[in-house]
Amino acid sequence: APEQLLWRAARACKKLAEAEDPKSEVRMEHLRDGLEYATRALEAAPELGAAHKWYAILLGTRPGSTADKIKSSFAVKQHFDRAAELDPADPTSRHLVGLWCYEVARLSWLERKAASALFASPPEATYQEAYTHLSHAERLEPGFYANNRLLLAKCCSEMGQRQEARDWLPEGPPVEPG
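Since the model is a prediction, treat every value here as computed from it, not as a measurement.

Conventions used here
- Residues numbered from 1 in each chain as written.
- Predicted model: local features only at pLDDT ≥ 70, side-chain atom pairs only at ≥ 80, totals over all residues.
- Heavy atoms only, no water.
- Phe/Tyr/Trp six-rings, centres within 6.5 Å; stacked < 30°, edge-to-face > 60°.
- Buried < 20%, exposed > 50% of the residue type's maximum accessible area, 1.4 Å probe, protein only.
- Helix = DSSP H or I, 4+ residues; strand = E, 2+ residues; numbered from the N terminus.
- Expected span 1.5 Å × (residues − 1).
- Contact = heavy atoms within 4.5 Å.
- Polar contact = N/O pair within 3.5 Å; in protein donor to acceptor, adjacent residues only side chain to side chain.
- pLDDT = per-residue confidence, 0-100.
- Patch = residues over 30% accessible without salt bridge, like charges linked within 9 Å, V, L, I, M, F, W, Y side chains within 5 Å.
- Areas by Shrake-Rupley, 256 points an atom, 1.4 Å probe, with all protein chains shown as cover.
- Salt bridge = Lys/Arg side-chain N within 4 Å of Asp/Glu carboxyl O.
- Lys, Arg positive; Asp, Glu negative; His and termini not counted.
- Charge placed at Lys NZ, Arg CZ, Asp CG, Glu CD.
- Axes fitted to C-alpha atoms, helices over the stretch in contact; angles between N-to-C directions.
- Parallel < 35°, antiparallel > 145°, perpendicular 65-115°, else oblique.
- Left-handed = near helix turned anticlockwise from the far one by under 90°.
- Core = buried A, V, L, I, M, F, W, Y, C linked by side-chain atoms within 4.5 Å.

Caption draft 1: Main features of the packing of aromatic side chains. One pass over the structure, following the stated rule, counts two aromatic pairs. Seen from their ring centres, Phe144 and Tyr145 are 6.1 Å apart, and the 40 degrees between their planes marks the pair as tilted. You can call Tyr145 partly exposed: its relative accessible area is 39%.

Dropping the structure here:
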């Protein structure tokens, strides 16, 4: 099906962009192409979770002002939520919802004030919401992504749950007595 090829092309463009210098025009071109593929996948198959996921990922990588990023963050969250809804067995989509919540929860006071000045209701999320989504992803596929466990530890730390934060961290290599 063409929509399957389109979202995979979007993913490939994102991977190609990651290999480039962060400020290079080649990187920006890959990201623009990826967003175009993801947009076309979404238009062709609005009920396909992967299309929503890759559209949101690529939308979130667009360069722009703080106002532009805040404005697009609402759409990013909407598409991550929809991806998780359409493909409830996909831990990555659930992880991405949790990551979005984590990033919004950690906005500084100044960033929140700037967002409030630009939008009637800026994006909002809590560490508890992030934890809920990240732990859901972990239940779907334990250990699927080391960064998911790290974010769970960070959420617990922010919520004052130090022991649980340590429990989420991977064990280091064994230490030889000595």
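Caption draft 2: Region of the structure containing helix H8 (residues 146-158). Here H8 is 13 residues long and its end C-alpha atoms lie 19 Å apart, about the 18 Å a rise of 1.5 Å per residue gives. Inspection of H8 places Asn148, Leu151, Leu152, Ala153, Cys155 and Cys156 among the buried residues, and these make up the whole buried set. Tucked into the core, H8 has its buried residues touching helix H5 (91-105), helix H7 (127-140) and helix H9 (162-168). Backbone geometry just after H8 places Gly160 at a positive phi near 80 degrees.

Caption draft 3: View of the side chain of Ser93. With respect to the element layout, Ser93 can be found in helix H5. Under the relative-accessibility criterion, Ser93 is labelled buried at 1%. Of note is the side chain of Ser93, whose polar atom sits 2.6 Å from the side chain of Asp90. When near neighbours in sequence (up to four residues on either side) are disregarded, Ser93 contacts Lys53, Phe80, Ala83 and Ala84.

Caption draft 4: Seen up close, the confidence of the model for the protein. Overall, the predicted model of the protein reaches an average pLDDT of 92, with 97% of residues at or above 70. Here helix H6 (residues 109-118) is the element of the protein with the lowest mean pLDDT, 79, and H7 is the one with the highest, 98.

Caption draft 5: A look at a negative patch on the surface. A surface patch of like charges, here negative, comprises Glu29, Asp33, Glu36 and Glu43. Inspection of the secondary structure assignment puts Glu43 in helix H2 (residues 25-44).

Caption draft 6: Representation of the pattern of salt bridges in the model. Inspection of every chain in the model, using the stated rule, returns eight salt bridges. Of the charged contacts in the structure, one is a salt bridge between Glu85 and Arg82, with a shortest N-O distance of 2.5 Å. Remark: Arg82 and Glu85 occur in helix H4 (residues 66-86); sequence separation between them is three residues, near one turn of the helix. Note on Glu85: relative accessible area 54%, which makes it exposed. A cluster of three or more residues bridged by salt bridges with shared partners is formed by Glu47, Arg82 and Glu85.

Caption draft 7: How the structure looks around the packing of H7 against H8. One can describe the packing of H7 onto H8 by two numbers: an axis separation of 9 Å at closest approach and a directional angle of 150 degrees. If you check the angle between H7 and H8, you find them roughly antiparallel. Crossing angle aside, the handedness with which H7 passes H8 is left-handed. Contacts between H7 and H8 involve Tyr127, Ala130, Tyr131, Leu134, Ser135, Ala137 and Glu138 from the former and Asn148, Arg149, Leu151, Leu152, Cys155, Cys156 and Glu158 from the latter.

Caption draft 8: Region of interest: the nonpolar core. Phe80, Trp100 and Cys155 are the most contacted members of the largest nonpolar core, which totals 42 residues. Going through the elements one at a time, helix H1 (2-18), H2, helix H3 (49-59), H4, H5, H7, H8 and H9 are the ones with two or more residues in this core. In terms of residues, this core owes the most to one element, H3, which gives eight residues.

Caption draft 9: Layout of the environment of Trp100. For Trp100, the location among the structural elements is in helix H5. Looking at Trp100, the relative accessible area reads 11%, which means it is buried. Once the C-alpha coordinates of Trp100 and Ile70 are considered, the two residues, 30 residues apart in sequence, prove to be 12 Å apart. In contact with Trp100, not counting residues within four places along its chain, are Ser73, Val76, Lys77, Phe80, Pro123, Glu124 and Ala125. Within polar-contact distance, the side chain of Trp100 engages the backbone oxygen of Ser73 at 3.2 Å.

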